[in-house]
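Commentary on secondary and tertiary structure
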Amino acid sequence: MENTAISYDNFGRMRYHPEFHFSHGKPFSESELEYICKFYEVDHTRTIAFAIGRTEHTVQTKVTSLRKKGLFDYYKNLNKHW
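First, a word on what this report is: a plain description of the structure on this page.

Right, let's get into the packing of helix α2 (residues 45-52) against helix α3 (residues 56-69). Viewed as axis vectors pointing N to C, α2 and α3 meet at an angle of 100°, and their least axial separation amounts to 8 Å. Put simply, α2 runs roughly perpendicular to α3. Every residue of α3 that contacts α2 at T45, R46, I48, A49 and I52 is listed here: E56, V59 and Q60.

Here we take up the environment of F50. Take F50: it is sitting in helix α2. On the accessibility criterion, F50 (35% relative accessible area) is partly exposed. Spatially, the C-alpha atom of F50 lies 15 Å from that of K26, the residues being 24 residues apart in sequence. When sequence neighbours within four positions are dropped, the list of residues in contact with F50 reads M14, F20 and F22.

Calculation notes
Residues numbered from 1 in each chain as written. Predicted model: local features only at pLDDT ≥ 70, side-chain atom pairs only at ≥ 80, totals over all residues. Heavy atoms only, no water. Axes fitted to C-alpha atoms, helices over the stretch in contact; angles between N-to-C directions. Helix = DSSP H or I, 4+ residues; strand = E, 2+ residues; numbered from the N terminus. Parallel < 35°, antiparallel > 145°, perpendicular 65-115°, else oblique. Contact = heavy atoms within 4.5 Å. Buried < 20%, exposed > 50% of the residue type's maximum accessible area, 1.4 Å probe, protein only.

What follows is the structure in structure tokens.
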């Protein structure tokens, strides 16, 4: 990989970088959704983002979407993968 500079947005979140965000653009797996929902309230968004290879903004957006659809608690309590 080429040496692409790491940059941050106005909120201090890392922007997309191919070396860190390996799942960028791929659909979320059930395992990833469970991981996000289970740890979102107890861990840092940055840690979760690095663990699943997505940006912090993507994780935050997905949590908002799941909460609006009423699926956040479903995945949080799934206990299938985590």
